[in-house]
Amino acid sequence: MQNDKRIKFINPETMPPTFGYTHAVEVRNARTIYVSGQVALNRDGQVVGTGDLAAQTKQVFENIQFALEASGVNFEHVVKLTFFVTDISKMHIVREIRDQYVNTETPPASSAVEVSKLIRDELLIEIEAIAVADL
């Protein structure tokens, strides 16, 4: 997807440098896949990695991957990620896991927000994704 002319990753020189994300992603004439916020629940609905942000983040990315695959796409098609974390000071842990899944040369546009709580007390992170693919 990175050579796809329908997708343009934009980091203007007039904006601050980026670290693991792209300022803007332009998409033309494509099918859009919206992946709801995913949390660290396995297929049986059990929390994975209680108290362990790295384990939870890995499970979240696996869940996103399953959703993408069900739509016939993969992480190469992801153009936007939104992170909701209960401790923003630990984003370096999230980035390490993220970089195992996304193309780090043309990373998706991203937002990270610290939240006081997620849907269950044991959960430390939730991630939404937007992907694009052929029509």
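Keep in mind the model is a prediction, meaning the values are calculated, not measured. (Residues numbered from 1 in each chain as written. Predicted model: local features only at pLDDT ≥ 70, side-chain atom pairs only at ≥ 80, totals over all residues. Heavy atoms only, no water.)

## Details of the packing of aromatic side chains
(1) Moving on: In this structure the tally under the stated criterion is three aromatic pairs.
(2) Moving on: Judged by centre distance (5.7 Å) and plane angle (45°), the ring pair of Phe61 and Phe75 falls under tilted. Pair noted here: Phe61 is in helix H1 (residues 53–70) and Phe75 is in the loop between H1 and strand E4 (78–85), with a separation of 14 residues, a long-range link. In terms of burial, Phe61 and Phe75 fall into one category: buried.
(3) Moving on: Centroid distance Phe61 to Tyr101: 5.1 Å. Interplanar angle 15°. Geometry classified as stacked. Of this pair, Phe61 sits in helix H1 while Tyr101 sits in the loop between helix H2 (91–98) and strand E5 (109–114), and the two are 40 residues apart along the sequence. Each of the two residues, Phe61 as well as Tyr101, counts as buried. (Phe/Tyr/Trp six-rings, centres within 6.5 Å; stacked < 30°, edge-to-face > 60°. Helix = DSSP H or I, 4+ residues; strand = E, 2+ residues; numbered from the N terminus. Buried < 20%, exposed > 50% of the residue type's maximum accessible area, 1.4 Å probe, protein only.)

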